[in-house]
Amino acid sequence: MPNPLQYIEKHPDRAKEILGIEHEQWLAVVEVAKIEEERIRLAREQEKIRINKKGGGRPKKLKREEEVCLCIFYLRHLPTFELLGMHFNISKTEANDTFNYWIKIIRKILPSSLMEQAKKDKEELEMIKEMLTKHELIVDSWEQSRERPKDNQTQKEYYSGKKKQHTFKGQVITLPLGKDLVDVEVGRQGKASDINIFREQQKKFNVEQRFTGDKGYQGGVNIKTPQKKPRGKELTELQKDANKEISSDRIYVEHVIRLIKIFRAAQERFRMRKNKYEEVVLTICGLVRLRIGTVILAV
């Protein structure tokens, strides 16, 4: 059975279905990831106190291209590590180690949001915040089920009354028409309300920044939300039209969340440790930005 990389090389038009990104984007990820991995390896080599001769040890079974493919394939399809190892003809332990090695590199080369991309340069970040005030940003949240915590207190914190299960909550802010992910917050407790997460996230933006959200954000500052139907009464035609207009603007953030959930590691029950969640989902957000063309990898 050919592994996924061999299949993609034979059928490049199927790369988007298998890995969630176009073939050209996949090639760019591989080249930039290899460059970054080589830089990290050389830095470690300089710090290492060598005992054994260089080049010793068991040789790797996979090429670096296959290892990167293994990592993204896992995010896209969420197989067990035993099944993942079968796809690439390695053990489940090696599959696990390979995934955990490369996800750190892919996370580094693909910023999850516009704010993260600019955070290293304060002047650029302030310029972007000022530019964003010209737009009305869209905000929405999603929940993903997780393994039931063993500790009773942690169970209470992560139990979502809405989903009737233990969940991680994420929130994304996008440009109008969903043209880019402006900021992403992930790994919050399932019981956290949308409005409270938004109030914390809002502190990253200019005080004049305007937002659009659903009814869960009512009561927030500088955010436009639909009007609720009064108890025992009906909305007027003008109010209904205004709600439809807000819904037509908001639909694009839901499209972005749908793209995130195309990667099953951000959709199905999260099986890894809690402290791995942020790294996994923010890596997926970086892949989504690459997919929609807002991240360009220079090879």
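In the block above lies the structure referred to throughout.
Residues numbered from 1 in each chain as written. Predicted model: local features only at pLDDT ≥ 70, side-chain atom pairs only at ≥ 80, totals over all residues. Heavy atoms only, no water.

Enquirer: Explain the overall build of the protein chain to me, please; I cannot follow it from the model alone.
Expert: When you go through the protein chain residue by residue, the secondary structure sums to twelve helices and six strands. When the 299 residues of the protein chain are sorted by exposure, 48% land in the buried category. Sequence separation of 24 or more characterises 66% of the internal contacts of the protein chain that already satisfy a separation of 6 or more. On the protein chain, roughly 16900 Å² of surface is accessible, and the fraction owed to carbon and sulfur atoms is 49%. Here the protein chain contributes 60 positively and 45 negatively charged side chains, and the mean placements of these two sets differ by 5 Å. (Helix = DSSP H or I, 4+ residues; strand = E, 2+ residues; numbered from the N terminus. Buried < 20%, exposed > 50% of the residue type's maximum accessible area, 1.4 Å probe, protein only. Contact = heavy atoms within 4.5 Å. Areas by Shrake-Rupley, 256 points an atom, 1.4 Å probe, with all protein chains shown as cover. Lys, Arg positive; Asp, Glu negative; His and termini not counted. Charge placed at Lys NZ, Arg CZ, Asp CG, Glu CD.)

Enquirer: Explain helix 12 (residues 277-292) to me, please; I cannot follow it from the model alone.
Expert: Note that an α-helix has 3.6 residues per turn; residues three or four places apart therefore point the same way. With 16 residues, helix 12 should reach 22 Å at 1.5 Å per residue; the first-to-last C-alpha distance of 23 Å fits that figure. Here helix 12 lies mainly inside the structure; 13 of its 16 residues are buried. In the segment just after helix 12, Gly293 is the residue with positive phi, at about 90 degrees. (Expected span 1.5 Å × (residues − 1).)

Enquirer: Would you mind showing me how to read the pattern of salt bridges here?
Expert: Any two side chains of opposite charge can pair, given that their charged atoms come close. This structure, assessed with the given rule, holds 26 salt bridges. Where Glu17 meets Arg14, a salt bridge forms, and the shortest distance between an N and an O atom there is 3.2 Å. Salt-bridge contacts for Lys204 lead to Glu185; the nearest nitrogen and oxygen are separated by 3.7 Å. You can see Lys204 sitting in the loop between helix 10 (194-202) and strand 5 (210-212) and its partner Glu185 sitting in strand 4 (residues 181-189), a full 19 residues away along the chain. (Salt bridge = Lys/Arg side-chain N within 4 Å of Asp/Glu carboxyl O.)

Enquirer: Got a minute to help me understand the packing of aromatic side chains in this structure?
Expert: Here the distance between the centres and the angle between the planes together describe a pair of aromatic rings. Per the stated rule, a full pass over the model turns up twelve aromatic pairs. Their ring planes at 55 degrees and their centres at 4.6 Å tell us that Tyr74 and Phe99 sit as a pair that is tilted. Taken together, the positions of Tyr74 in helix 4 (residues 64-77) and Phe99 in helix 6 (residues 92-109) put the pair 25 residues apart, joining distant regions of the chain. Of the two residues examined, Tyr74 and Phe99, each falls in the buried class. For the pair Phe270 and Tyr277, a centre-to-centre distance of 4.9 Å together with 85 degrees between the ring planes defines the contact as edge-to-face. A residue is classified by how much of its surface remains accessible, and Tyr277, at 1% relative accessible area, is buried. Following the ring pairs from residue to residue traces out a cluster consisting of Tyr158, Phe168, Phe270 and Tyr277. The ring of Tyr158 has Arg146 lying over it, and the distance from NZ or CZ to the ring centre is 4.6 Å. (Phe/Tyr/Trp six-rings, centres within 6.5 Å; stacked < 30°, edge-to-face > 60°. Lys NZ or Arg CZ within 6 Å of the ring centre and 35° of its normal.)

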